[in-house]
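What follows is the residue order along each chain.
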Amino acid sequence: MQTLRLLFRYSPLKIIAIAAALVLAPRLANAEALLLVEADTGKVLEAQNATYPWYPASVTKLMTAYVTLKAVKDGKASLDTLLTVSPTAASQSPSKMGYRPGTQLTVDNALKMMLVKSANDMAVVLAEGIGGSIDGFSIMMNETAQRLGMTQTSYVNPNGLPADGQITSARDLAILARAIIRDLPEYEYFVHIPSIRYGRRVVQNFNRLIGRYPGADGFKTGFICASGYNLVASATRNGKRLIAVVLGASSGQARAVRAIQMLDRGFNGNQLSWLKAPLGNVEQLVPVDATPPNLRDDMCSGKRHRPASDDDGEEASTDGETTTGGTLLAGLQAPTMKPSELLAAAPAPSEPVLVYTGPTRTGTALIAAVAADADAQTPAKHRGKKAHAVAARKDVKPAPRTAAKFEAEAKPTAKPDAKNAEAKPAAARHVAAKHDSGTKPPEKPAADTAAKPAKPKAAAKPKTEGKPAPKDG
């Protein structure tokens, strides 16, 4: 009542202005921007603070991928183009691959590492390789944003690390996601690779909808303290594809839950949609002229420690439900499962996509590249033990692995049908190279020792008995 009395003191115009300010300005303590659109038509199904400026964090890498792949499609580069890690790239903050300056790798491998691991160093490698420098590539990014109608977006770097001029909105990110689907269908698999293997390590996609939410097929996550947890996600069912954008969520789990909730409403039909006025097309949403909210105090201050990566590893439920079915395969999960249950389940089984340093390789050269990357991940103190172990059993000859067999295993399957995202695999399939250097030598047959004259002392204490077998570092 007291609020109503205060409002009656103002003129109608002032009341309207106050109401508009309250609607447009998100509370910094619980700031969040949400948007759900149809991929084909751009029709807006849900919107909350969708045109409010926001720090993009690592969803910036979607534009880095778009500019790079557009250059490939236009013949200005190829997926096999060899790029070099510069000192600037190597100095980027985590998350990153951590390669030393001078390391070389292809555009193809750099894109996969950037989009799955959210590697900041790989974003700079691509920027310098395609645009000549970070500044030169940023100009290309901004020109592309303007051409696509992303009027609220500006870029100063290719990876989304904190910068005052790095700004976007949920509206603009939905426009970018639609452009990737529309303009680069032959390269779209890059944005929904479930996992990658480099050397001995396997990294799962930070987008936890991939392999868990039925029909999930894109795009990218992001996090810095100022932005909160961001996610651009997409899914396809029965030929209908939706794009969900979540900015400013409180955790990696929360952003995934928000996206699932919106996608579910979109696919199932919002029963209360008839009560709302039509929101029009995503390009028609009116931008808000404001300063992006800075969520640093809420996200990273005090005792609330946050990782450098945009994957906080949070597995607990945030919607109050008890999680069940952790071993269910995502492909068999019913669409009616609660978000917490979907996210607690193991992702659908898939072979990690193989990535490696150096030029594009096949056959024995690829085997050698994978082995070299694995060896580079082995601590130096263990490499000597490994070399000694190999030398000690140099007479052992494990079954040879032919190049033809390796190529047959590593060869990707046919590209998925871009128009049927439910049927297509999450990425072009690659079988990870297996490191055979740890094969144990076969034991000597008992018959060999039985044929010799008995020697109790020698039999009781052989020189090598009791020593552990050397470990493969």
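Everything below is about the structure shown above.
Every chain's residues receive numbers from 1 upward, in the order its sequence appears when written. Owing to the predicted nature of the model, reporting of local features is limited to residues with pLDDT of at least 70; listing and counting of side-chain atom pairs is limited to 80 or more, with chain, interface and lining totals taken over all residues. The side-chain values count all of the structure's non-hydrogen atoms but skip hydrogen atoms and water molecules.

Chemist: Just checking my understanding: could you explain unusual backbone geometry for this structure?
Modeler: Backbone geometry follows two general trends: most residues other than glycine have a negative phi, and most peptide bonds adopt the trans configuration. Going from P94 to S95, the amide bond is cis rather than trans, its omega being 0°. Only DSSP runs of H or I covering at least 4 residues are called helices, and only runs of E covering at least 2 are called strands; the numbering of each starts at the N terminus. Considering the arrangement of structural elements, one finds S95 in the loop between α4 (87-90) and β4 (104-106). Across the junction of G218 and F219, the peptide omega takes the value -5°, indicating a cis bond. Within the secondary structure layout, F219 lies in strand β7 (residues 216-224). Look at A57: it is not a glycine, yet its phi comes out positive at around 55°. If you trace the backbone, A57 turns up in the loop between β2 (44-48) and α3 (61-73). The class of A57 is buried, set by a relative accessible area of 0%. With a phi angle near 60°, S118 is a residue other than glycine that sits in the positive phi range. Tracing the backbone through its elements, the reader meets S118 in the loop between α5 (107-117) and α6 (120-131). Exposure categories follow from relative accessible area, calculated using a 1.4 Å probe and restricted to protein chains: below 20% of the type maximum is buried, above 50% is exposed, and the middle band is partly exposed.

Chemist: Just to check I follow, could you spell out the state of the cysteines for this structure?
Modeler: A disulfide bridge is the covalent bond that connects two cysteines by way of their sulfur atoms. When two cysteine sulfur atoms lie within 2.5 Å, the pair is treated as a disulfide. What the rule picks out here adds up to one disulfide. In this model, C225 is linked to C300 through a disulfide, with the two sulfur atoms separated by 1.9 Å. Because the sign of the S-S torsion sets the handedness, a value of about -95° for the bond joining C225 and C300 places this disulfide among the left-handed ones. Pair noted here: C225 is in the loop between β7 and β8 (228-237) and C300 is in helix α10 (residues 296-300), with a separation of 75 residues, a long-range link.

Chemist: How should helix α8 (residues 170-183) be read in this particular structure?
Modeler: Spacing of three or four residues puts side chains on the same side of an α-helix, whose turn is 3.6 residues. An expected span of 1.5 Å times one less than the residue number is assigned to each helix. Spanning 14 residues, α8 covers 20 Å between terminal C-alpha atoms, matching the ideal 20 Å at 1.5 Å per step. For α8, the tally of buried residues reaches 13 of 14 residues, placing the bulk of the element in the interior.

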